[in-house]
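Single-letter residue listing:
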Amino acid sequence: MEVYGCWKRLLPLCLRLLFLVPAGLPVRSQGDSQSDNKVMDNITVRQGETVFLSCSQGDVVTHTAWLNRSSILYAGEDKWSVDPRVSLVTLNRDEFTIKIENVDMSDEGLYVCAVQTSSKPRTTSVHIIVQVPPKIVNFSKDLVVNEGANVTLMCLASGKPEPAISWKMLSPSGDGLGSDDEYLEIPSITRQRAGEYECSAVNDIATETKTMQLVVNYPPTVFEGRDVGVTLGQRGVLQCEADAVPEADFEWYRDDRRISNGFDGIEIEDSGALSKLTFFNVSETDYGNYTCVAINKLGSANTSFVLYEVIEPTSSTLLQVDTASLLEVTSSVLEQTATEYNQFWEGPGAVQDGNSGTSGTYTPICLLLILALQLLLKF
Ligand SMILES: *[C@@H]1O[C@H](CO)[C@@H](O)[C@H](O)[C@H]1NC(C)=O
Ligand SMILES: *[C@@H]1O[C@H](CO)[C@@H](O)[C@H](O)[C@H]1NC(C)=O
Ligand SMILES: *[C@@H]1O[C@H](CO)[C@@H](O)[C@H](O)[C@H]1NC(C)=O
Ligand SMILES: *[C@@H]1O[C@H](CO)[C@@H](O)[C@H](O)[C@H]1NC(C)=O
Ligand SMILES: *[C@@H]1O[C@H](CO)[C@@H](O)[C@H](O)[C@H]1NC(C)=O
Ligand SMILES: *[C@@H]1O[C@H](CO)[C@@H](O)[C@H](O)[C@H]1NC(C)=O
Ligand SMILES: *[C@@H]1O[C@H](CO)[C@@H](O)[C@H](O)[C@H]1NC(C)=O
């Protein structure tokens with residue numbers, strides 16, 4: 001409107017200059033009901049495109065010009081503009097067309113075609129509106145923070161119309177985390193908020209998105225150690241797992257003594273969150289209490305394991321085990337049989353006196369016991 005008002009003020013001056021109208025002769029202004037002034041529909045064009053401006057002429061045109069605000073682009077065939085993007089397309093009795101290539105934001109505004117006929121001046125005005133796709137101009141870089149920090153992510157974008165900006169967390173744990181704003185504030189961040197974040201800038205023309213990684217550091221926690229039983233001369237492995245960002249370094253201790261990789265018959269192998277202490281051939285002196293300490297720059301955690309001896313089963317112990325389980329089975333079979341026998345003799349309707357229960361089961365139990373003993377004696 002401002003520009004328009006300015007042009008309105010300047011147009012009579014321009015036309016006077018252009019057509020060398022004697023100063024005494026009044027030039028009709030746009031507001032004049034007598035003048036033949038036309039306002040065309042706005043032209044909406046995207047940044048970088050070419051726009052054509054066309055106005056109709058007539059039989060008795062003496063002078064004609066295209067103006068950008070108050071400056072003349074073309075006066076008839078004469079190019080006044082020094083802008084190489086502006087050129088003449090057509091000038092004949094019917095039309096006067098120029099084009100502006102590679103349109104930019106600054107080209108937005110009012111353009112006027114002024115036509116002087118033998119009778120009266122005439123103008124055609126058109127508003128060029130330049131649209132610009134969104135462009136994210138200032139964006140938070142990948143970020144590493146400590147758990148508990150207050151984090152603010154930033155995403156500033158330009159574009160026309162003004163883009164709508166929003167943030168969202170992409171990682172699955174980010175359900176619901178986001179904002180419809182240039183800034184995403186995450187107070188007192190937790191490890192669950194670590195992950196990938198996306199900013200999108202959207203307007204009528206296009207969408208631009210950018211993503212960034214947010215890393216949240218936290219001190220290690222170790223999974224409770226489980227004691228491990230190993231037979232003398234066998235291979236033994238203690239495993240220690242830690243959850244930490246950045247990944248933990250591990251240290252192993254036997255009581256208070258640090259164990260390192262050079263030790264005879266021992267290997268420490270770290271892979272990511274896991275550390276393994278391997279004894280290739282467990283000896284008597286290896287049995288004992290081991291502590292795994294997981295450390296990162298934010299802290300440490302530890303857990304202890306006992307490596308204990310397991311006696312390898314011999315052939316005699318094997319037999320003992322078998323006999324014991326056989327006895328167990330036999331007695332359970334006996335019990336069951338006794339119960340069934342009772343039920344058979346007594347039946348649901350039988351009179352229950354104090355002795356019938358015991359005397360009824362006594363004989364078959366004795367019988368079965370003898371059978372079972374005979375079976376056992378075969379071993
Ligand atoms: C043309 O654009 C101008 C400036 O943005 C605006 O004031 C006017 O309402 C628009 N006219 C139409 C018909 O859209
Ligand atoms: C129109 O005028 C504006 C303001 O003077 C200028 O920035 C722009 O480059 C001009 N555009 C053309 C096509 O002349
Ligand atoms: C981005 O924003 C920050 C903070 O507002 C500012 O210091 C920095 O200069 C901006 N960078 C650019 C490229 O605009
Ligand atoms: C985070 O912000 C809260 C509230 O503004 C403040 O009390 C707290 O000290 C801040 N924490 C850190 C680590 O800056
Ligand atoms: C384990 O160590 C014992 C004693 O040092 C040795 O006799 C045995 O051969 C070793 N076993 C293996 C598999 O290396
Ligand atoms: C093993 O050592 C750790 C640390 O010295 C100690 O806290 C833990 O009680 C010990 N465990 C056993 C079973 O002795
Ligand atoms: C193990 O952790 C306890 C606290 O949980 C701490 O008191 C102890 O000093 C730690 N031991 C080592 C060897 O880091």
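Residues numbered from 1 in each chain as written. Chains lettered and ligands numbered in written order. Predicted model: local features only at pLDDT ≥ 70, side-chain atom pairs only at ≥ 80, totals over all residues. Heavy atoms only, no water.

> Looking at this structure, how should I read the state of the cysteines?
Linking two cysteines covalently via their sulfur atoms produces the bond known as a disulfide. Scanning the entire structure with this criterion turns up 3 disulfides. Across the disulfide, Cys55 is cross-linked to Cys113 (sulfur-sulfur distance 1.9 Å). Within this pair, whereas Cys55 is found in strand β3 (residues 51–56), its partner Cys113 is found in strand β9 (residues 109–117), the two being separated by 58 residues in sequence. When its relative accessible area of 0% is taken as the criterion, Cys113 is described as buried. Sulfur-sulfur distance for the disulfide between Cys155 and Cys199 comes to 1.9 Å. With the S-S dihedral at roughly -70 degrees, the linkage between Cys155 and Cys199 falls on the left-handed side. In this pair, Cys155 sits in strand β12 (residues 151–160) while Cys199 sits in strand β16 (residues 195–202), placing the two residues 44 residues apart along the sequence. What makes Cys155 buried here is its relative accessible area of 0%. (Disulfide = S-S within 2.5 Å. Helix = DSSP H or I, 4+ residues; strand = E, 2+ residues; numbered from the N terminus. Buried < 20%, exposed > 50% of the residue type's maximum accessible area, 1.4 Å probe, protein only.)

> Honestly, the side chain of Thr124 in this entry has me stumped. Any pointers?
Structurally, Thr124 is set in strand β10 (residues 121–139). For Thr124, a relative accessible area of 4% corresponds to the buried category. In this view, Thr124 contacts Lys38, Met40, Cys55, Trp66, Tyr111, Val112 and Cys113; residues no more than four positions away in its chain are not counted. (Contact = heavy atoms within 4.5 Å.)

> Can you walk me through the sheet that holds strand β24 (residues 288–296) in this structure?
Think of a sheet as strands paired side by side through backbone hydrogen bonds, with each pair either parallel or antiparallel. The strand order across the open sheet built from 5 strands is β18-β25-β24-β20-β21, with neighbouring strands paired in mixed fashion. The outermost strands of the open sheet, each flanked by one partner alone, are β18 (228–230) and β21 (257–259). Here the strands of the sheet are splayed against their neighbours by 30 degrees on average, with no regard to which way each runs. Inspection of the sheet shows strand β20 (residues 249–254) paired to β21 by 3 bridges, in the antiparallel sense. (Pairing = 2+ DSSP bridges. Axes fitted to C-alpha atoms, helices over the stretch in contact; angles between N-to-C directions.)

> Whenever I open this one, the sheet that holds β3 confuses me. Can you help?
Spatially, the 3 strands line up as an open sheet ordered β3-β8-β7, and their pairing is antiparallel. Of all the strands in the sheet, the pair left with one neighbour each is β3 and β7 (86–91). Between one strand axis and the next, the sheet turns through 20 degrees on average, direction left out of account. Direction of pairing for β3 relative to strand β8 (residues 95–100): antiparallel, over a ladder of 6 bridges. Along β8, the bridge assignment pairs Ser56 with Glu95.

> Even after reading the chapter, I still don't get a negative patch on the surface, so can you show me in this structure?
A cluster of acidic residues, Asp249, Glu267, Glu269 and Asp270, forms a negative patch at the surface. In terms of residue count, the dominant contributor to the negative patch is strand β22 (residues 266–271) (3 residues). The topology assignment puts Asp249 in strand β20. (Patch = residues over 30% accessible without salt bridge, like charges linked within 9 Å, V, L, I, M, F, W, Y side chains within 5 Å. Areas by Shrake-Rupley, 256 points an atom, 1.4 Å probe, with all protein chains shown as cover. Salt bridge = Lys/Arg side-chain N within 4 Å of Asp/Glu carboxyl O. Lys, Arg positive; Asp, Glu negative; His and termini not counted. Charge placed at Lys NZ, Arg CZ, Asp CG, Glu CD.)

> When you look at the side chain of Gln131 in this model, what are you seeing that I'm missing?
When you line up the elements, Gln131 lands in strand β10. You can call Gln131 buried: its relative accessible area is 16%. What Gln131 contacts, discounting residues up to four positions off in sequence, is Thr44, Val45, Arg46, Gln47, Lys160, Pro161 and Ile205.

> Hey, could you run me through the pattern of salt bridges in this one?
Opposite charge on two side chains lets them pair, provided their charged atoms get close. Under the criterion given, the structure shown has 7 salt bridges. For Glu198, the salt bridge goes to Lys168, with nearest N and O atoms at 3.3 Å. Pair noted here: Glu198 is in strand β16 and Lys168 is in strand β13 (residues 164–169), with a separation of 30 residues, a long-range link. It is possible to trace a salt-bridge network through shared partners that takes in Asp83, Arg85 and Asp107.

> For this particular structure, what's the right way to read the pairing of β9?
Every regular strand shows the same layout, with side chains that alternate between the two sheet faces. Buried residues dominate β9, accounting for 9 of its 9 residues. Here strand β4 (residues 61–68) pairs with β9 via 7 bridges, running antiparallel. From the neighbouring strand, His63 faces β9, where its bridge partner is Gln116. As judged from the 8 bridges shared by β9 and β10, these two strands associate in the antiparallel manner. Across the sheet, Leu110 pairs through a bridge with His127, a residue of β10. Hairpin connection, β9 to β10: the antiparallel pair is bridged by 3 residues.

> What should I look at first to understand the confidence of the model for the protein chain in this one?
The predicted coordinates ought not to be read in detail in places where the model reports low pLDDT. Mean pLDDT over the protein chain works out to 82, with 73% of the residues at or above the 70 mark. Here helix α1 (residues 2–19) stands out as the least confident element of the protein chain, with mean pLDDT 45; strand β11 (residues 143–146) is the most confident, with 98. Below a pLDDT of 50 lies the segment residues 1–17, which in the model reaches 20 contacts outside its immediate sequence neighbourhood of four places, other chains included. Here residues 344–361 is a poorly scored stretch, pLDDT under 50, and it has 11 contacts once near neighbours within four places are set aside; other chains count. (pLDDT = per-residue confidence, 0-100.)

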